[in-house]
Structure formats: structure tokens, C-alpha cells
Amino acid sequence: MPDALRHKHLLEAADLDLDDATLVLDTAAQIESALAGREVKKLPTLRGRTVVNLFFEDSTRTRISFELAAKRLSADVINFSAKGSSVSKGESLKDTALTLEAMGADGIVVRHSASGAPHRLATWVAGSVVNAGDGTHEHPTQALLDAFTIRKRLGRLEGVRVVITGDVLHSRVARSNVRLLHTLGAEVTLVAPPTLLPVGIGSWPVTVSYDLDAVLPTADVVMMLRVQAERMNASFFPSAREYSRRYGLDADRMARLADDAIVMHPGPMVRGMEIAADVADSARSTIVEQVGNGVSVRMAVLYLLLGGNA
Ligand code: NCD
């Protein structure tokens with residue numbers, strides 16, 4: 001088992017092979033047990049290092065989680081929220097990168113509405129770049145925290161049957177999860193209306209179904225995705241009601257699941273649309289747990305990328 005990641009950056013799930021992904025999950029578990037029951041939830045590991053959180057797009061969980069992760073590792077943290085900038089995206093990203101470079105950022109966590117923005121950024125700066133969500137492309141730390149949650153709840157990832165349901169077309173969470181879960185040996189089934197599946201889905205390592213009821217009885221995990229109205233410039237389904245009736249997870253549908261199957265959602269969720277309120281709040285739901293696990297997993301990522309010798 002290696003003790004460092006192969007890559008300097010974490011830009012997409014494919015940056016992690018099985019050893020890398022397992023190392024992140026094991027490190028997160030170690031960090032979690034090291035901090036459990038402690039009054040002061042802080043490790044000195046990244047003292048003197050600077051982490052910049054660069055968010056060009058809205059975020060609640062991911063931004064707060066990265067901030068907390070860096071602070072719990074004793075790094076100096078700068079939060080840069082770029083919303084409202086009038087400069088064109090490419091220019092503003094490069095200018096910002098050069099500023100960060102001048103300030104000596106060791107790690108840059110970036111969220112951007114343009115797919116590929118973290119990859120561009122990585123070519124301009126000396127520090128490590130972590131993709132916190134780029135357009136409809138990838139969100140690798142979300143996939144890591146989801147895998148961590150599944151492993152914790154079910155005790156394994158190999159052979160676990162995961163059903164990912166909803167707006168796959170616009171979902172960076174789905175893309176990163178499909179790739180990472182495949183690396184970790186899980187079996188993924190995607191369920192969505194045909195209009196919300198990307199072109200080229202045939203080359204993904206997944207099974208596709210249009211019938212949620214048919215796949216639920218054999219699922220170990222059901223992961224619900226939000227319908228990303230803000231990324232839609234056309235109508236992808238007849239109505240919210242119709243969508244919800246066919247692809248939403250309500251209590252009746254949940255009853256089709258095996259006894260120990262779990263329900264996941266990356267948040268933010270739209271209660272009553274892709275997931276019913278009673279399902280979201282049920283004992284099967286790991287939604288709040290996922291958020292907590294996100295901090296441990298992001299601590300592991302920052303530690304493994306920035307923790308080496310300066
Ligand atoms: C997701 C995102 O921003 O990609 N949320 C998250 O990071 N937890 C999913 C979404 O916006 O629906």
C-alpha cells in the first residue's frame with residue numbers, strides 16, 4: 001500500500017487508481033478515529049501551509065466542508081468568493097491564479113461553472129489544485145465522501161450495487177461517482193429519463209435503466225440527484241409532477257428496497273421533487289452523515305496532497 005497519491009492535483013476521479021482511492025478512504029478513517037471524542041478537533045499537520053478556497057459558483061456544503069477541513073489541519077485558510085465578478089471567466093481565472101501564486105498558496109480548492117477550469121488553473125500555479133466541482137464535469141471529493149459513506153455503512157465497496165437516479169446529464173456528482181465506484185469495484189446502474197442521460201453513455205462502465213421500480217429490489221445503495229434547473233436551457237421532461245412520479249423516491253418506492261439498503265443524496269435536495277421529505281429524514285437516509293464524512297475525507301485529501309515536505 002503506497003503512502004502518497006500518484007498525482008499532485010485532484011482534478012477528476014480518474015486521477016485516483018484503486019490504491020490511491022483506498023489510501024484516501026483509509027486516511028479519512030484514521031483521521032476520524034484520531035479526532036473522535038477529542039474536545040479540540042484539530043491536528044497540527046498543515047501548520048504554516050496556506051489553502052485558498054476559490055468559489056466561482058454557489059456552494060453551501062462543499063465550501064464550508066473544505067474550510068473546516070483545512071482549519072482542522074491547522075492550515076491558514078483564505079476564502080475567495082468570486083461571485084459577481086464582471087471580468088470574463090477565462091481572464092478572471094488566470095488573473096486570480098497569478099495573484100494566488102504571488103501569495104504562495106500551497107493548495108487551491110476551486111469550484112467553477114466552466115468544465116475544465118481546475119485543469120487550466122493547475123497549469124498556472126505551483127500549488128496543488130483540488131476540483132470542488134467544475135460545471136457538469138466532475139466533483140471528485142463528493143465521490144470520495146460518498147464511497148466513504150457506503151463503506152462505513154455497508155462494510156465494503158467491492159460488488160456493491162449502486163443505483164444513481166435523476167439528472168445524470170448535468171451532474172458532476174454522477175460522473176465522478178461512476179468513475180470512482182467503478183475503480184473501487186462497485187456496480188453502477190443509472191436511472192433517468194432518456195433526455196437526462198448524456199450522449200455517449202454507452203461507453204460508461206454502467207448499466208442503464210428507465211425503470212426505477214424494477215431496479216430498486218436488488219440495490220444496496222440508491223443515490224438521488226437533484227434536477228439542475230439552473231443548467232437547463234430547455235424543457236427536459238413534461239412537468240415536475242410527472243418527473244417526480246416516475247423518478248422521485250417516495251415512501252412507497254423506498255419500501256421496495258432490501259432491509260439494509262441505504263438512500264443517499266449529495267445535497268442540496270429539493271424535497272418533494274426527486275426525494276420525498278419522509279424518505280430524506282428516514283433511518284435509511286445517509287444525507288446528514290455524508291456531510292459529516294465530507295470533512296474527514298477532505299482532510300485526508302488535503303493532508304495527502306499538501307502534507308509532504310514543503
Ligand atoms: C452538488 C454540486 O454542487 O455539484 N452538490 C454538492 O456539492 N454537494 C450537486 C448539486 O448541485 O445538485
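Keep in mind that what you see is a predicted model, and the values were worked out from it rather than measured. (Residues numbered from 1 in each chain as written. Predicted model: local features only at pLDDT ≥ 70, side-chain atom pairs only at ≥ 80, totals over all residues. Heavy atoms only, no water.)

### Focus: the sheet that holds strand β5 (residues 161-165)
For clarity, the threshold we go by: Paired strands, in this sense, are two strands between which DSSP finds at least two bridges. Secondary structure is summarised from DSSP: a helix means a run of H or I of at least four residues, a strand means a run of E of at least two, and numbering begins at the N terminus for each. Lines are fitted to the C-alpha atoms to define the axes, a helix being fitted only along its stretch in contact, and any angle between axes, read from their N-to-C directions, falls within 0 to 180 degrees. We call two residues in contact when some of their heavy atoms are within 4.5 Å.
Ordered in space as β7-β6-β5-β8-β9, the five strands form an open sheet in which the pairing is parallel. Single-partner strands in this sheet number two, and they are β7 (207-209) and β9 (262-264). With direction set aside, neighbouring strand axes in the sheet form an average angle of 20°. Two elements, β5 and strand β8 (residues 221-224), share four bridges in a ladder whose sense is parallel. From the neighbouring strand, I164 faces β8, where its bridge partner is M223. Packing against the sheet, helix α6 (residues 172-183) makes contact with β5, β6 (187-191) and β8, and its axis sits at approximately 165° to β5.

### A closer look at the site of the ligand
Heads up, the condition is: Consider each residue's heavy atoms; a residue with any of them within 4 Å of a molecule or strand counts as near. Counting of polar contacts relies on pairs of N or O atoms within 3.5 Å, with two restrictions inside protein: one atom must be capable of donating a hydrogen and the other of accepting it, and residues adjacent in sequence are counted only when both atoms are side-chain atoms. Throughout, the Shrake-Rupley method with a 1.4 Å probe supplies accessible areas, and for residues the shown protein chains are the sole cover considered. Residue classes follow a fixed rule: Ala, Val, Leu, Ile, Met, Phe, Trp, Tyr, Cys and Pro count as nonpolar, while Asp, Glu, Lys and Arg count as charged, and any other residue, Gly among them, counts as polar.
Around the ligand sit T62, R111, H139, Q142, R172, V173, R226, Q228, P266, G267 and P268, and that is every residue in its neighbourhood. The separation between an oxygen atom of the ligand and a polar side-chain atom of T62 is 3.0 Å. For the ligand, an oxygen atom lies 2.7 Å from a polar atom in the side chain of R172. Notes on the ligand: free accessible area 320 Å², of which the protein chains cover 95%. Considered class by class, the residues forming the shell around the ligand number three nonpolar, five polar and three charged.

### Examining the UniProt feature "binding site: L-aspartate" (unreviewed entry) in the chain
To keep it simple, the criterion reads: UniProt positions are given in the numbering used here, feature names are shortened, and annotations may be inferred rather than shown by experiment.
As recorded in UniProt, the feature "binding site: L-aspartate" (unreviewed entry) lies at K89, R172 and R226. Mapped onto the elements, R172 comes out in helix α6. With residues up to four places along the chain from it excluded, the contact list for R172 reads E57, R111, H112, G133, D134, G135, T136, H137, E138, H139 and R231.

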